[in-house]
Every structure is written in C-alpha cells, then in structure tokens.
Amino acid sequence: MIIPTAYANLQEVSRILLGLNCGKPLERILLPEVASSLSTKYDFDLQAFYFCADEESLRQPRVVRVGLIQNSIALPTTTPINEQKKAIMHKVKSMIDAAGASGVNIICLQEAWMMPFAFCTREKRWCEFSEPIDGECTQFLQDLARKYSMVIVNPILERDVKHGEVLWNTAVIIGNNGNIIGIHRKNHIPRVGDFNESTYYMEGNTGHPVFETCYGKIAVNICYGRHHPLNWLAFGLNGAEIVFNPSATVGELSEPMWPIEARNAAIANSYFVGSINRVGTEAFPNPFTSGDGKPQHSDFGHFYGSSYFSSPDASCTPSLSRYRDGLLVSDMDLNLCRQLKDKWGFRMTARYELYADLLSRYLKPDFIPQVIEDPYLQKQRQ
Ligand SMILES: NC(=O)NCCC(=O)O
C-alpha cells in the first residue's frame, strides 16, 4: 500500500522529472489486444501514451499516432550477413505488425537497424550490409507502409550506387503509399570512443530536410547530431513538427546525456522528438582497441535502449526498457507545437541576427574571440 504522503511525493517527483502535459501527468493509453499478444509472443516491451493540446476555436485537433522501435540484433555477428539481416527484419516485423494493429501513423526504427553497429571494429567487411536507398530493407518496409498506411522512417547504411558506390548513414522516408518521399544523410559523424564511423562514411550532404507527410511535417536528426543544438534548430527553422533521433549509443559514454538533449531540443524548438536507441551487447569476431591504452575487447558495451518521446511543453514519456526490444507508441496533438510557440515566443526572442553575425565572423581565419580581460591579470603578469 502507498501511504498518502509517499504518493504526494511521488507525484511531485514525477511532475519535475517527467513534466506535465496540459497541466496533468501524461496519460497512458490502451492498445488493442492483438498488439499486447504480439508483445508477449515476441517478447518486446510495449507502452503507449497520449500528449494532448489545448482546444482551439479555429483549428481541429491534429492527433497523430507515432511509434518508435528499439531492437537488439537477432543472430551472432559471425553468422552470414544475409541471415543476420533477415533475422533482424523478422523480429522488427513483429513490432511493426503490433504498431499497424494499433493504428500507428508514423514509425521510426533505430539507426542502422538492419545490422550490428560494427563500426567500432574499423573492418571493411561490414560494408556488405549496405544497400541502395531502394534496396532490400526499404522494399520490405515499403510493403508494410502500404499495408498499414504508415509513414516509415528507415535508417540504413546506404550505398550510393549512382555516386561511386560511396557509403552514407541515411534515413529513407517511406510515405504511407509505400513511396520513397526522400532521404536524409547523417550530418555529424562521431569521433568519440569506439564510434569509428568516420572510417566508413562522410558527413551527410542533404542539409536539414523536413518531409511533409499526410500526417505531419517530420525530420530526422541521426544519433550524434543530437549533441549539436544548431542541427536541431535547423530542422525547426524548416518547420518540423516531429523530429526523430534514431541512435546507437552505449551506457558508459552517453547515458546521463540521453534524457536531457532531445528533451531540451523539443522545448527550444517547439516540436516533438522521438528518441530511439538500440538494445543489447554486440560482440565481434576480432578484438579491437579504443586507442586509450586500455586492453583490447570485442564488444561495444551495452546499448541501453531507453527510447522515449519528448514534447514541446517539456513533458516526456517514461522510457522503454534498457534491455528488451520495444515498441513505444504515443498519440500527439500537433497543435501543441504552435501553442508552445505562442506561449514562450522563442522564435521571436531568439535574436538569430546576433548569432548569424558571430558565426560568420567565427568562420573567418582572422576571427578574434570577444574576450574582455580583467586589467589586474595584466598587472599580475608584469
Ligand atoms: N551512432 C552514433 O553517432 N553514436 C555516437 C555516440 C553518441 O552520440 O552517443
């Protein structure tokens, strides 16, 4: 039994940690039985919430149902590549089917969902997982998009067959008619820890596109791009209402940052964010080092899942499991984006011209930082 003061304390902690949506704790919603049965049968976490907005007199509510999928790999990394890919597709399908049965309108998968995150190894054999934007995984998802009239964000390792077969880290946006609406290529490539992605692909060349779908305006900020506030800003300036952050990141490196950065972006840019991280520990055949003098190892560390949604009003959902595959669903009234713009006025108070000016000076080789020195420091040096 929870005693009344403990319950009041719990509510207060929840108010501060998860925020309030329209003045209330975020409500859970019930999904159809068929979705729960799939989650039991295929052993994935399943949770669902509802972000509401205030009623308006001129606009109808614009409620969309959005899903995020996190998954571990399905077979050891020593299995033939084709088999590994097929097995991941199989397990992801059960979660997309649950989303389809729940009437999800837009869904996003995790970064490079169709392969182990093998970039830690720097071995080029993993390039074989790459596909053109209309390759096997896209075709597989196009069928599901048509079946469920669902927009699907499909982050893959792309092989650009028209441009010298180079590789990119790319999200393919599949429309609800199964068409390819467009692509976005990861803007910021990490050079931290074992994230040796720069060995495989370069910084993206697609800018900050926003994709206008029949359910709303969406954008994709791939993984490490979440540490770059200007990247978030640019998607907002182009009018995004929901930005997805498909990721692959491990506990020791980034877990304390995970609940903060996307949520801050949702607040600062008045849009919803869906953050997805893969799950599990992926071991590779050959050990590698991290260039830090520590012993060689053959796994990347634990990918901690914990996918969640953040809202422009600073509320957020609880996170999915740290250990299990999962489908997180949330209804969101997109009217909330404009309501928060009107409330806080960040777009009006942003003073972009100050920053445009500073950045244009900073980019010049003769830039001098604006530092005003305490004259006493000069005297102490004499
Ligand atoms: N996939 C990726 O960009 N990971 C970088 C590490 C991080 O941003 O936490």
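All values derive from a computational prediction rather than experimental measurement.

## Comments concerning the site of the ligand
E111, K186, R226, H227 and T249 are the nearest of the 14 residues found near the ligand. Between E111 and the ligand, the recorded distance is 2.8 Å, taken from a side-chain N or O atom to a nitrogen atom. In this structure, H227 approaches the ligand through a side-chain N or O atom, which is 2.6 Å from an oxygen atom. In isolation the ligand has 280 Å² of accessible area, and contact with the protein removes 99% of it.

## Section: the pattern of salt bridges
One pass over the structure, following the stated rule, counts 23 salt bridges. The closest approach of N and O atoms between R59 and E56, which form a salt bridge, is 2.7 Å. Between K85 and E131 there is a salt bridge, with the nearest N and O atoms lying 2.6 Å from each other. Of the two residues, K85 sits in helix α3 (residues 81–101) while E131 sits in the loop between β4 (106–108) and α4 (136–148), which places them 46 residues apart along the sequence. Take E131: its relative accessible area is 3%, and that puts it in the buried class. Here the salt bridges share partners, and the residues they tie into one network are E111, K186 and E197.

## A short note on the packing of aromatic side chains
Remark: the centre distance and the inter-plane angle together describe each pair of aromatic rings, the angle taken between the planes. Applying the stated criterion across every chain, the model contains 17 aromatic pairs. With a centroid separation of 6.1 Å and an interplanar angle of 55 degrees, the aromatic rings of F117 and F195 are classed as tilted. Linking F117 in the loop between β4 and α4 with F195 in the loop between β7 (180–185) and β8 (211–213), this pair joins segments that are 78 residues apart in sequence. F117 gets classed as buried once you look at its relative accessible area, which sits at 0%. Of the residues examined, F195 reaches a relative accessible area of 6% and is grouped as buried. Taken together, F117, F119, F195, Y200, Y201, F300 and F303 form an aromatic cluster joined through their ring pairs. In this arrangement the basic side chain of R278 is found over the ring face of F303, its NZ or CZ atom lying 5.7 Å from the centre. In this arrangement the basic side chain of K379 is found over the ring face of Y376, its NZ or CZ atom lying 4.7 Å from the centre.

## Regarding the sheet that holds strand β9 (residues 216–220)
Spatially, 5 strands are ordered β8-β9-β10-β11-β14 in an open sheet, and the strand pairing comes out mixed. Edge positions in the sheet fall to β8 and β14 (308–310), since each of these pairs with one other strand and no more. Put simply, the sheet's adjacent strands are angled 25 degrees from each other on average, direction ignored. Relative to β9, β8 is paired through 3 bridges, and the arrangement is antiparallel. Across the sheet, F211 pairs through a bridge with I218, a residue of β9.

## Considerations on the UniProt feature "domain: CN hydrolase" (unreviewed entry) in the protein
In the numbering adopted here, UniProt assigns the feature "domain: CN hydrolase" (unreviewed entry) to residues 64–334. For residues 64–334, the end-to-end C-alpha separation is 7 Å, with 22% helix and 31% strand making up the annotated structure.

## Concerning the environment of S310
Relative to the helices and strands, S310 resides in strand β14. For S310, a relative accessible area of 0% corresponds to the buried category. As a C-alpha pair, S310 and F51 span 259 residues in sequence and 9.5 Å in three-dimensional space. If we skip the residues at most four places from it in the chain, S310 touches F51, A262, R263, A266, Y271, F272, V273, S315 and C316.

## Describing the nonpolar core
I96, W113 and L141 are the most contacted members of the largest nonpolar core, which totals 55 residues. Within the residue set of this core, elements represented by two or more residues are α2 (33–41), α3, α4, β5 (151–160), β6 (166–174), β12 (279–288), β13 (297–304) and β15 (326–333). Of all hydrophobic cores here, the second largest spans 31 residues; its members include Y215, F309, L334 and L340.

Conventions used here
- Residues numbered from 1 in each chain as written.
- Predicted model: local features only at pLDDT ≥ 70, side-chain atom pairs only at ≥ 80, totals over all residues.
- Heavy atoms only, no water.
- Near = heavy atom within 4 Å.
- Polar contact = N/O pair within 3.5 Å; in protein donor to acceptor, adjacent residues only side chain to side chain.
- Areas by Shrake-Rupley, 256 points an atom, 1.4 Å probe, with all protein chains shown as cover.
- Salt bridge = Lys/Arg side-chain N within 4 Å of Asp/Glu carboxyl O.
- Helix = DSSP H or I, 4+ residues; strand = E, 2+ residues; numbered from the N terminus.
- Buried < 20%, exposed > 50% of the residue type's maximum accessible area, 1.4 Å probe, protein only.
- Phe/Tyr/Trp six-rings, centres within 6.5 Å; stacked < 30°, edge-to-face > 60°.
- Lys NZ or Arg CZ within 6 Å of the ring centre and 35° of its normal.
- Pairing = 2+ DSSP bridges.
- Axes fitted to C-alpha atoms, helices over the stretch in contact; angles between N-to-C directions.
- UniProt positions renumbered as here; feature names shortened; annotations may be inferred.
- Contact = heavy atoms within 4.5 Å.
- Core = buried A, V, L, I, M, F, W, Y, C linked by side-chain atoms within 4.5 Å.

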